[in-house]
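# Breakdown of the fold
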Amino acid sequence: MGTKGKVIKCKAAIAWEAGKPLSIEEVEVAPPKAHEVRVQIIAAGLCRSDTHVINPKFEGAFLPVILGHEGAGIVESVGPGVTNVKPGDKVIPLYIPHCKKCKFCLSPLTNFCEKFCKGKNPLIEQELMEDKTSRFTCKGKSIYHFFGISAFSQYTVVKDVNLAKIDDDANLERVCLIGCGFSTGYGAAINTAKVTPGSTCAVFGLGGVGLSAIMGCKTAGASRIIAIDINSDKFAKAKALGATDCLNPRELNKPVQDVIVEMTNGGVDFAIDCAGGSEVMKATVDCATVGWGSCTFVGVNLADKGLTISPIELIMGRTLKGTNFGGWDAETVPKLVSDYKNGKFDLDALVTHTLPFDKINEALNLLDQGKSIRTILIY
């Protein structure tokens with residue numbers, strides 16, 4: 001391509017300050033260095049995690065930054081040493097790398113990579129490229145990367161180990177959701193909880209991740225799926241995707257976990273928390289049956305201190321699990337794309353809004369107001 005080896009000027013949404021709207025700016029995107037790939041982003045989804053960094057409560061914020069980690073695009077050019085993709089390939093950038101060499105990548109027990117979990121906060125570890133410099137410049141200032149992806153830019157540079165090559169005929173305006181939200185929830189049920197046929201499940205939080213978890217529970221053959229959210233407007237969508245019961249904790253006269261225990265003769269087999277926060281985490285544990293109840297935690301509440309638990313609750317046979325990106329990696333993501341193409345699940349159901357990229361602040365407002373499940377930004 002004519003842009004290979006050259007700086008590309010394009011539009012990007014920059015977070016200059018916490019608590020302020022994103023600013024659409026012209027940025028300069030440098031060519032990829034060794035084992036890096038420059039990608040033209042075609043579509044991106046807006047995920048709750050994108051808002052964490054610009055939340056004033058977030059500790060360790062790195063600004064200015066180009067956010068976005070749920071996207072899909074086309075390879076524009078590759079740096080020296082890149083062998084897994086070539087210009088013109090359709091790709092999904094992944095915030096969890098897959099080097100295929102470390103003890104984590106070589107283990108069937110996790111989808112983690114040493115490059116992802118080497119620090120206390122993987123988010124912070126991916127604010128720059130491996131040489132500790134940025135590929136983004138705006139108004140003479142270096143701009144931080146986000147999660148190793150920075151999808152809120154028309155062009156971005158990512159490491160080759162953070163890319164999954166997908167089918168040439170993939171619909172990028174839908175499979176971009178596989179970059180985070182769908183995969184995280186669906187995989188939490190399928191890969192982490194390992195929901196079994198005929199089982200009972202409870203899913204807390206009905207955003208894009210929670211609804212995807214419901215889809216995973218249904219695919220796994222659960223006989224009863226209880227959906228919980230404080231926004232009853234989401235219940236129709238949850239039932240359409242497989243929920244058998246819906247509960248709003250604010251409309252109950254007792255704790256939601258007590259209601260679930262009564263409904264299920266002692267508690268569910270699998271409880272999945274896609275909301276986060278100590279109250280929801282506690283409810284997730286309390287609604288799981290003794291003996292074998294499985295609790296899987298996906299959601300994060302930044303301002304919350306987390307779960308305080310009694311050893312008795314574990315001694316009584318419950319297990320607690322955490323999951324990141326639903327257990328998928330660069331080798332398994334292409335199969336998810338094929339499954340979508342073959343009708344195994346419906347990504348369309350998660351998309352409530354489609355907006356041009358420059359309306360990104362409108363999309364953020366829809367998310368904050370609870371009016372959207374997933375908004376797709378088209379570049």
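Residues numbered from 1 in each chain as written. Predicted model: local features only at pLDDT ≥ 70, side-chain atom pairs only at ≥ 80, totals over all residues. Heavy atoms only, no water.

As named in an unreviewed UniProt entry, the protein is Alcohol dehydrogenase class-2 isozyme 1, taken from Oryctolagus cuniculus. UniProt, in its Subcellular location (unreviewed entry) section for the protein, records the words "Cytoplasm". UniProt, in its Cofactor (unreviewed entry) section for the protein, records the words "Zn(2+)". (UniProt positions renumbered as here; feature names shortened; annotations may be inferred.)

Locating Ser-372 in the fold gives a position in the loop between α11 (360–368) and β18 (374–378). We classify Ser-372 as buried; its relative accessible area is 5%. Those residues within four positions of Ser-372 in sequence are excluded, and the remaining contacts are Thr-352, His-353, Leu-366 and Leu-367. (Helix = DSSP H or I, 4+ residues; strand = E, 2+ residues; numbered from the N terminus. Buried < 20%, exposed > 50% of the residue type's maximum accessible area, 1.4 Å probe, protein only. Contact = heavy atoms within 4.5 Å.)

We now examine empty space enclosed by the protein. Within the structure shown, the criterion is met by one cavity of 30 Å³ or more. Approximately 40 Å³ is the volume found for the largest cavity. Lining of the largest cavity is provided by Gln-126, Leu-128, Met-129, Gly-148 and Lys-159. For the lining of the largest cavity, the per-class residue count stands at two nonpolar, two polar and one charged. (1 Å grid on protein atoms, 1.4 Å probe; cavity = no way out; pocket = protein on both sides within 12 Å on 5 of 7 lines; lining within 4 Å. Points joined across faces, edges and corners; volume = space filled by probe spheres on them. Nonpolar A, V, L, I, M, F, W, Y, C, P; charged D, E, K, R; others polar.)

This brings us to the layout of surface pockets. Estimates place the volume of the second largest pocket at around 500 Å³. Sorting elements by how many residues they give to the lining of the second largest pocket places strand β10 (residues 163–165) first, with three residues. Residue composition of the lining of the second largest pocket, by class: seven nonpolar, five polar and 12 charged.

With that settled, consider unusual backbone geometry. Between Leu-63 and the following residue, Pro-64, the backbone shows a cis peptide bond with an omega angle of 0°. Phi at His-35 takes a positive value of approximately 60°, unusual for a residue other than glycine. For Lys-139, which is not glycine, the phi dihedral falls at a positive 55°. Residue placement: Lys-139 occurs in the loop between β7 (136–138) and β8 (141–143).

This part covers helix α7 (residues 256–263). Among the residues of α7, those classed as buried are Val-256, Gln-257, Val-259 and Ile-260. An end-on view of α7 places all buried positions within 160° of arc, on one side of the element. Of the surrounding elements, those touching the buried residues of α7 are β11 (200–204), β12 (224–228), β13 (245–247) and α8 (278–286). The first or second residue beyond α7 is Asn-265, which carries a positive phi of 55°. (Arc of directions from axis to C-beta.)

On to the pattern of salt bridges. Tallying each qualifying case throughout the model produces 20 salt bridges. Measuring nitrogen to oxygen at the nearest pair gives 3.2 Å for the salt bridge that ties Arg-135 to Asp-131. The network of salt bridges with common partners includes Lys-33, Glu-36, Asp-131 and Arg-135. (Salt bridge = Lys/Arg side-chain N within 4 Å of Asp/Glu carboxyl O.)

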